[in-house]
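# Fold and contact review
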Amino acid sequence: MAPWIPHLVVRSLDQFLLLIIILLFLLCSSSTCFAISGEAEALVKWKDSFDMNPTTHSLLRSWNLNSTDSTSHHLYNNTPCTWVGITCNDFGSIINITLESSNLKGKIPKELGQLKLLYILKLNNNSLSSNVPAEIGMISNLEALDLAANQLSEPIPMHLKHCSKLLHLNLRNNKFSGIIPFQIGNLHSLENLDLSNNLLSGELPFELGHLDKLETFNLSHNNLSGSIPSTFKELISLTSVDISYNQLEGPLPNNKAFLEAPLEALEDNKGLCGNNTIIKICPMPKENRSNSIIFVVTVSITCALILSFIIVGALFICKKRERHMDEPRQTQMTLTFFEAWSHNGKKVHEEIVQATENFSSKYCIGVGGYGSVYKTVLSTGQVVAVKKLHENEGAAIVEAFESETSVLTRARHRNIIKLYGYCSHARQSYLVYEFMEGGSLAKILSNEVRAVEFEWTKRINVVKGLANAILYMHYECSPAIIHRDISTKNVLLDDEYEAHISDFGAATTLDPESLNWTPFVGTFGYSAPELAYTMEVNEKIDVYSFGVVTLEVIMGKHPGDLISSLFLAPLLAVDALIKDVLDQRLSPPRGRIAHQVISIAEIAFACLQQSPQFRPTMKQVSRKLSTPLESLSEPFYMITIKQLFDSPTWTS
């Protein structure tokens, strides 16, 4: 029936405009009501198909059309928007159906495909049976589909490929059979996929390896067979996988989640192998064994020849030393070092001077407290960084040089800058390091373009790399090394954003038999507060600096104002939301990444405790960073600084 149009006589332009407005209002209201009525009728029809029991009848009592008709203009008067389990948008369209654990018995109706704006459909833990209608694939806005723990059967519908915005797909604990449709590999936004505890069989489709945003993946307790496709190594976001209780065999993909998976995630398969320590190594193909034998023999002969050359070279060097005992000690150190570096020391020195045009300022890429750093290209094409010490600066420069060479000639870690060599001479002293293409962490965070490229995953890895380096210095070096000047200027990044601690001029070692008192060194804003009133040095001063740098990494700027407010005006600071203090140049972290950012922020606040005894050790920090994350107690966007700052104290 067409909407009623009042009979008006148009007497003027104003009346004409009024007529148009009234007509538009009535037409829009009428069409909206028709749409709502169609959605309501589909839901009531579904309700009537249920095998009604007292629980379902009581739960769905509000699902009726007693006062819903196409002429009513009260859009929210007993429409589906007021029904149990239904949520609507501002225009009255259904966007969320959540009926978990509602004792529903029946089928999923194809009419749900009419709900074009639906983005959440949760019907888990019921007794729904039959198949999933293909029409569900018509809900193009769907982001979460949870049908777990029902009695659904038949193959998984391939039409789900049209739900291109799907983030979470949970079909766990049903009776789905047949193969996994390769079309699921087209769901490029998918973050969580759970197909466990079904009757699925056949081989895994290689297209699943295209789900580069997938974080959790569970295929356990099925009857899947064959090998795992090599494309699964491309699941770069994957953090948790479970393929247990299947018939899978062959090598695990070269993917961190698979290679670090626990036994319970891989057990009861036909014959998996690979580089995971809990399973057997894959056997070498027969055609490669003979090549391996030849390789081993060749390497053995080569090593023997190299060893002979080394012995002859060592004898030659000793003779040369005897002939030049009258040369200054500093020059001896230089020549000896570069000869051990497979170079002639004098030649390398001349090469560095020539490449930098006698340390011209145009090659200078940074100036520090102890020296200037030059980018140098050697004749071999190798790029190195040369730090030339300031001249005539007295004992402090000499101590810094000795500290740097002492530490870096014995420290070996992937997250500590590598020292290639050094020249110690009365007229000119310098150190030669590996060159870091990425520059300092401080420069990246201060550059608007590079800061955006420095996305959350890279920032998390930088924090982990920095923690690993400090852990190594504190616990794997003997005596322990204390850096004393950890700051964003002294953290360098390579071209893959791997962190490297540099500038060990202020470093010292801990002597367990002494009080370890030294004058203050370090960078204000990163140094521990107790250094204002004590000269005692211990590991906790590095822990504090780590906390400052970590906050700076996730905030994108130095956290000095936040730290001051936490201790000077805590009531004002702690109520702020953590999302509001993160680097606003990046989109907010999501899913697993958001969990990691929260965990890192919690660690950073613990490291900033005013009393050293309440700060964690780097062992505790490293353990926390490597521990599987628990679910957040509440949504990411609601977490406050107070919740993280008031976390349980870590004593040591």
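Only a predicted model underlies this, so the values are computations on that prediction, with no experimental measurement involved.

The next subject is the environment of Ile470. In this structure, Ile470 sits in helix α10 (residues 456-476). If we skip the residues at most four places from it in the chain, Ile470 touches Ile486, Ile501, Asp542, Phe546 and Met618.

What follows covers the packing of α10 against helix α16 (residues 618-626). For the pair α10 and α16, interaxial distance at closest approach is 9 Å and the crossing angle is 145 degrees. Crossing of α10 over α16 shows left-handed handedness. Taken together, the residues of α16 that come into contact with α10 (itself represented by Lys464, Ala467, Asn468, Ile470, Leu471, His474 and Tyr475) are Met618, Lys619, Val621, Ser622 and Leu625. A breakdown of the residues in the contact of α10 with α16 according to their chemical character gives seven nonpolar, three polar and two charged.

Here the focus is the packing of aromatic side chains. The final tally for this structure, using the stated rule, is nine aromatic pairs. An angle of 65 degrees between the planes, with centres 5.3 Å apart, marks the rings of Phe359 and Tyr374 as edge-to-face. Remark: Tyr374 occurs in strand β18 (residues 371-377) and Phe359 occurs in the loop between α6 (345-355) and β17 (364-367); sequence separation between them is 15 residues. Both residues of the pair, Phe359 and Tyr374, count as buried. Geometrically, the ring pair formed by Phe454 and Tyr497 is stacked, given 5.6 Å between the ring centres and 15 degrees between the ring planes. Here the residue Phe454 occupies a position in the loop between α9 (448-453) and α10, and Tyr497 occupies one in the loop between β24 (491-493) and β25 (499-501), the gap between them amounting to 43 residues. Residue Phe454 shares its accessibility class with Tyr497, and that shared class is buried. Through a chain of ring-to-ring contacts, the aromatic side chains of Trp46, Phe50, Trp63 and Trp83 assemble into a single cluster.

A few words now on the packing of helix α15 (residues 591-607) against α16. For the pair α15 and α16, the least separation of the axes is 10 Å and the interaxial angle reads 170 degrees. Of the possible angle classes, the one that applies to α15 and α16 is roughly antiparallel. Contact residues: Ser599, Ile600, Glu602, Ile603 and Cys607 in α15; Val621, Lys624 and Leu625 in α16. Grouping the constituent residues of the contact of α15 with α16 by class yields five nonpolar, one polar and two charged.

Before going further, it helps to spend a moment on empty space enclosed by the protein. Applying the stated criterion across every chain, the model contains three cavities of 30 Å³ or more. Around the second largest cavity sit Tyr370, Lys387, Leu389, Ala400, Phe401, Glu404, Leu431 and Gly505, which together line it. Listed by contribution, the elements that provide at least two residues to the lining of the second largest cavity are β19 (383-389) and α7 (395-408). A per-element tally of the lining of the second largest cavity places α7 first, with three residues.

Next up on the list: the sheet that holds strand β21 (residues 430-434). Strand order across the open sheet formed by five strands is β17-β18-β19-β21-β20, with antiparallel pairing between neighbours. If you trace the sheet from one side to the other, it starts and ends with β17 and β20 (419-423), each paired once. Taken over all neighbouring pairs, the strand axes of this sheet differ in orientation by 20 degrees on average, direction set aside. Inspection of the sheet shows β17 paired to β18 by three bridges, in the antiparallel sense.

Ordered by their spatial adjacency, three strands build an open sheet running β22-β24-β25, and the pairing between neighbours is antiparallel. The sheet is open, and its two edges are formed by β22 (439-440) and β25, each paired on a single side. Packed onto the sheet, α10 meets β24 and β25 and runs at close to 35 degrees relative to β25.

Quick look at the UniProt feature "binding site: ATP" (unreviewed entry) in the protein now. Under the UniProt annotation, the feature "binding site: ATP" (unreviewed entry) is placed at Lys388. Assignment of secondary structure puts Lys388 in strand β19. Those residues within four positions of Lys388 in sequence are excluded, and the remaining contacts are Phe359, Tyr370, Gly371, Ser372, Tyr374, Gln428, Ser429 and Tyr430.

A few words now on the layout of surface pockets. Remark: the empty space left among the atoms is shown by a probe the size of a water molecule rolled over them. A volume near 1900 Å³ is recorded for the largest pocket. In terms of lining residues, the largest pocket is bounded by 49 residues, among which Ser237, Leu238, Thr239, Ile593 and Gln596 are the most central. Elements represented by at least two residues in the lining of the largest pocket include exactly β14 (240-242), α3 (256-259), α10, α15 and α16. No other element matches the seven residues that α10 contributes to the lining of the largest pocket. Each residue belonging to the lining of the largest pocket can be placed in one class, and the counts come to 19 nonpolar, 17 polar and 13 charged. In this structure, the second largest pocket occupies an estimated 990 Å³ of space. Elements that contribute at least two residues to the lining of the second largest pocket include exactly β17, β18, β19, β21, β22 and α8 (441-446). Sort the elements by how many residues they give to the lining of the second largest pocket and β17 lands first, with three residues. Each of domain 2 (336-434) and domain 3 (439-646) accounts for three or more of the residues forming the lining of the second largest pocket.

What counts as what
The numbers attached to residues start from 1 for each chain and follow its sequence in the written order. Only residues with pLDDT of 70 or above have their local features reported here, since the model is predicted, and side-chain atom pairs are shown and tallied only from 80 upward, although totals for entire chains, interfaces and linings are computed over all residues. Values shown for side chains rest on all heavy atoms present in the structure; no hydrogens or waters enter the calculation. Runs of H or I in DSSP of at least four residues are treated as helices and runs of E of at least two as strands, each being numbered from the N terminus. Only heavy atoms enter the contact rule, under which two residues are in contact if any of them lie within 4.5 Å. Comment: axis = line fitted to C-alpha atoms, over the contacting stretch for helices; angle = value between 0 and 180 degrees taken between N-to-C directions. Each crossing gets its hand from how the near helix is turned against the far one by less than a right angle, where anticlockwise is left-handed and clockwise is right-handed. Residue polarity is assigned by list, with Asp, Glu, Lys and Arg as charged and Ala, Val, Leu, Ile, Met, Phe, Trp, Tyr, Cys and Pro as nonpolar; anything else, Gly included, falls into the polar class. Here a Phe, Tyr or Trp ring, Trp counted by its six-membered ring, pairs with any other such ring whose centre lies within 6.5 Å, and the pair is stacked when the planes are under 30 degrees apart, edge-to-face when over 60, and tilted otherwise. Using a 1.4 Å probe on the protein chains alone, a residue whose accessible area is under 20% of its type maximum counts as buried, one over 50% counts as exposed, and one in between counts as partly exposed. By definition in this entry, angles of less than 35 degrees are roughly parallel, angles greater than 145 are roughly antiparallel, angles of 65 to 115 are roughly perpendicular, and the rest are oblique. Only protein atoms enter the 1 Å grid, on which a cavity is a set of points fitting a 1.4 Å probe that cannot get out and a pocket is an open set with protein on both sides within 12 Å along at least 5 of 7 lines, lining residues being those with an atom within 4 Å of a point. Grid points are joined across faces, edges and corners, and a volume is the space filled by probe spheres set on the points. The criterion for strand pairing is that DSSP finds at least two bridges linking the strands in question. UniProt positions are given in the numbering used here, feature names are shortened, and annotations may be inferred rather than shown by experiment. Note: domain ranges come from an automatic or database domain assignment.

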